[in-house]
Amino acid sequence: MDAAEGYIRTKGYNAFSFRDIAADVGIKTASIHYHFSSKADLGAAVAERYTERFLESLGPADSNPFKEQITRYISAFRSSYSAGDQMCLCGMLGAEISSLPENMIKVSKVFFVKNLLWLDEVYLSQGEESLTIEQARKKSLRLLALLEGGLIVARSLDGLETFDQLTSQELT
């Protein structure tokens, strides 16, 4: 699963096969098929694990002061890029959504839904007191889009320097 995650985060879901993973790990493709009947099942398991780990790293939405939570959220995206030019796994899947199997589409959407719910809670519980649910959702969508898009722009331009320029206003 680690090898598949690495491929998805650097090259995309459509850029690898069971043979590639088997060669990287030093096993036969049959060993992968024993655990995952299809590439889509492997991809779905990787995306589920990624989503769980990502959200666990954030902790509860109401556990820290507002600014600290937003900083932690931005840092989660920044650290993925700084750890080997890797993109957000579900951001990469989102870019390939039209060519993904149905189970992969569902699992990648779960990442975004759960992230938006987490951000909504941060904005509603710790942000401006007069914020409505709709206003919180707009802020959540904007930040998520900024970070996913920021990784793409950073990868295309000057790396972390570009990402930091894009996100610096969110931290003030």
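A. Inspection of the packing of helix H4 (residues 39–58) against helix H7 (residues 102–126) at higher detail. Taken N-terminus to C-terminus, the directions of H4 and H7 make an angle of 10 degrees; their axes are 8 Å apart at the nearest point. It follows that H4 is roughly parallel to H7 by the angle criterion. Residue-level contacts link Ala40, Asp41, Gly43, Ala44, Ala47, Glu48, Tyr50, Thr51, Phe54, Leu55 and Leu58 of H4 to Asn103, Met104, Val107, Phe111, Lys114, Asn115 and Trp118 of H7. Classifying every residue of the contact of H4 with H7 gives 11 nonpolar, four polar and three charged.

B. Representation of the confidence of the model for the chain within the structure. Chain-level statistics for the chain give a pLDDT mean of 93 and a share of 98% at 70 or above. Mean pLDDT values for the elements of the chain range from 92 in helix H5 (residues 66–82) up to 97 in H4.

C. Up close: the side chain of Glu170. Along the chain, the position of Glu170 falls in the segment after helix H9 (160–167). A distance of 2.8 Å separates polar atoms of two side chains, one belonging to Glu170 and the other to Arg142. Beyond its immediate chain neighbours, meaning those up to four positions away, Glu170 contacts Ile70, Ile74, Arg142, Leu143 and Leu146.

The rules behind the values
- Residues numbered from 1 in each chain as written.
- Predicted model: local features only at pLDDT ≥ 70, side-chain atom pairs only at ≥ 80, totals over all residues.
- Heavy atoms only, no water.
- Axes fitted to C-alpha atoms, helices over the stretch in contact; angles between N-to-C directions.
- Helix = DSSP H or I, 4+ residues; strand = E, 2+ residues; numbered from the N terminus.
- Parallel < 35°, antiparallel > 145°, perpendicular 65-115°, else oblique.
- Contact = heavy atoms within 4.5 Å.
- Nonpolar A, V, L, I, M, F, W, Y, C, P; charged D, E, K, R; others polar.
- pLDDT = per-residue confidence, 0-100.
- Polar contact = N/O pair within 3.5 Å; in protein donor to acceptor, adjacent residues only side chain to side chain.

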